[in-house]
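An overview of the molecular structure
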Amino acid sequence: MAHITLVEAINLALKHEMARDPAVVVLGQDVGVDGGVFRGTLGLAERFGAERVIDTPLAEALIAGMAIGMAAEGLRPVAEIQFSGFAYTTIDQVLNHAGRLRHRTRGRLSCPMVLRTPCGAGIHAPEHHSESPEAMFAHIPGIRVVYPSSPRRAYGLLLAAIRDPDPVVFLEPTRLYRLFKEEVADSGEAAALDVCYTLREGSDVTLVSWGPMVAETLSAADDLAEQGVAAEVIDVATLKPLDFDSILGSVSRTGRCVIVTEAPRTGSFASEIAASLAEEGLLTLLAPVQRVTGYDSVLPFSRLEHSYIPSRQQIVAAAKKALAFA
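In this convention, every chain numbers its residues from 1, walking through the sequence in written order. Side-chain atom pairs in this predicted model are given and counted only at pLDDT of 80 or more, local residue features only at pLDDT of at least 70, and totals for whole chains, interfaces and linings cover all residues. Side-chain numbers here rest on the full set of heavy atoms in the structure, without hydrogens or water.

So, on to the overall build of the chain. Only runs of H or I of at least four residues qualify as helices and only runs of E of at least two qualify as strands under DSSP, and these elements are numbered from the N terminus. Looking only at helices and strands, the chain has twelve helices and 14 strands in total. C-alpha atoms define the radius of gyration in this analysis, and the globule rule sets the expected value at 2.2 Å times the number of residues to the power 0.38. The C-alpha radius of gyration of the chain comes to 19 Å, within 12% of the 20 Å expected for a compact globule of 326 residues. Across its three principal directions, the C-alpha atoms of the chain cover 60 × 45 × 40 Å. Residue exposure (1.4 Å probe, protein chains only): buried if accessible area is under 20% of the type maximum, exposed if over 50%, otherwise partly exposed. Every one of the 326 residues in the chain was classed for burial, and the buried ones make up 57%.

Here it is as structure tokens:
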């Protein structure tokens, strides 16, 4: 059992899978000699060699394309894109090839690859290094989108993603990389994909979030508890495919829902969940669904980025707005 940060949990999971399965390879810019820009691949090259930990040129489309080719030939590549703002050039490969390979070959081939990328604001980086593109990736058929919110969850979900026979986009919240530590056992036990996790039970309002905003959402639930409001907190964890039944079950008990994401509001994954609740849970709602999101703007530079990121105060205010309906 190790008391480690989220980025250390990522590293631990990579080490475990590379030792367990010789088909697992890691590739990306600076993943070898430097151990990754956030040190997520630190020590892998020394342990597993340059044939399995491959430093690539600064060419994200190449990295994704190489991973797809490796996966089609029986390897299990874990490709790193240094920052999510540079992952957009991988969309061609992910959409046209990774997500369609099983369908295109009528099941003869699969694409067991993972595309890892840090994302989210809060580390005083330029806007290309701080984006939240989960809705864009979730719109692509044939891939999973996973977004952990804690060290323990990151370890288990990454193991599951690497073992999955189909492509997974694995988003890593940079703001949480070293924000806190958890006890993580290097047991090799994968966490369940495609399920939401209830982090806190409550009866008055359901708070739904994922990735970096789970920390603020839990803090907001603490604030609400001090005011006599019992908030249930759900960590979506796997955005695609979405475990909507867990969300609907919670909202049917509380009657109220607040969805929290730092991505821009228009077309966000929060909108997808809200639309699903309107379709399937309208008669269980006692109040309109509330969304707490980032703004429809380019993410500002460091002095203003915390004005962009939704705060616990905004989450509490949205919950109170929902509770104001009789």
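Residues Asp245, Glu272, Glu279 and Glu280 make up a contiguous surface patch of negative charge. Tallying contributions element by element places helix H10 (residues 269-280) first for the negative patch, with three residues. Along the polypeptide, glutamate 272 turns up in helix H10. For patch detection, residues must exceed 30% relative accessible area and be free of salt bridges, and they are connected within 9 Å for like charges or within 5 Å for nonpolar side chains (Val, Leu, Ile, Met, Phe, Trp, Tyr). Shrake-Rupley sampling with a 1.4 Å probe provides the accessible areas, and residues are treated as covered by the protein chains on show and by no other component. Salt bridge, as used here, is a side-chain nitrogen of Lys or Arg placed within 4 Å of a carboxyl oxygen of Asp or Glu. For the purpose of charge, His is not counted, nor are the chain termini; Lys and Arg are scored as positive and Asp and Glu as negative. To locate a charge, take atom NZ for lysine, CZ for arginine, CG for aspartate or CD for glutamate.

Take the buried residues of types Ala, Val, Leu, Ile, Met, Phe, Trp, Tyr and Cys, join any two whose side-chain atoms come within 4.5 Å, and each joined set is a nonpolar core. Grouped together as the largest cluster of nonpolar side chains are 44 residues, with contacts concentrated most on Val208, Trp210, Ile247 and Ile273. If you look at the next biggest cluster of nonpolar residues, it comprises 38 residues, including Ala9, Phe48, Tyr155 and Ala161.

Take the pattern of salt bridges next. What the rule picks out here adds up to 14 salt bridges. One salt bridge connects aspartate 164 with arginine 144, and the closest N-O pair in it is separated by 3.1 Å. On the criterion of sequence distance, the pair formed by aspartate 164 in the loop between helix H7 (151-163) and strand S7 (168-173) and arginine 144 in strand S6 (residues 144-146) is long-range, its members being 20 residues apart. This pair shows no difference in class: aspartate 164 is buried, exactly as arginine 144 is. The residue glutamate 182 makes a salt bridge to arginine 152 at a minimum N-O spacing of 3.8 Å. Here arginine 152 lies in helix H7 and glutamate 182 lies in strand S8 (residues 182-184), a separation of 30 residues in the sequence. Glutamate 182 gets classed as buried once you look at its relative accessible area, which sits at 18%. In this structure, a network of salt bridges that share partners links the residues Glu17, Arg20 and Arg163.

Among the five residues in strand S14 (residues 290-294), four count as buried, and that is most of the element. A crossover counts as right-handed when, viewed with the strands pointing away from the observer, the path leading from the first strand over the helix to the second turns clockwise. As a crossover connection, the stretch from strand S13 (residues 257-264) through H10 into S14 is right-handed.

Strand order in the open sheet formed by five strands is S9-S11-S10-S13-S14, with mixed pairing between adjacent strands. What marks the edges here is a single partner per strand, and that holds for strand S9 (197-200) and S14. Adjacent strand axes in the sheet meet at a mean angle of 25°, parallel and antiparallel pairs treated alike. The pairing criterion for strands is at least two bridges between them, as found by DSSP. Note: strand S10 (residues 205-209) against strand S11 (residues 231-235), five bridges, orientation parallel. Paired with threonine 206 across the two strands is glutamate 232, which belongs to S11. Between N-to-C directions, angles span 0 to 180 degrees; the directions come from axes that are lines fitted to C-alpha atoms, helices contributing only their stretch in contact.

Whenever a pair of cysteine sulfur atoms sits within 2.5 Å, that pair is classed as a disulfide. Applying the stated criterion to the full structure yields zero disulfides. No disulfide involves cysteine 257; its sulfur sits 11 Å from that of cysteine 196, the nearest cysteine. Accessibility expressed as a relative area gives 0% for cysteine 257, which makes it buried.

To continue, consider the pairing of strand S2 (residues 24-28). Counting buried positions along S2 yields five of five residues, so the element is predominantly enclosed. Side-chain alternation along S2 places Val24, Val26 and Gly28 on one buried face and Val25 and Leu27 on a second face that is also buried. In this structure, S2 lies alongside strand S4 (residues 76-80), joined through five bridges in parallel fashion. Across the sheet, the residue bridging to leucine 27 is alanine 79, located in S4. Sheet analysis places S2 next to strand S3 (residues 53-55), joined by three bridges and oriented parallel. By the bridge assignment for S3, leucine 27 is matched with isoleucine 54.

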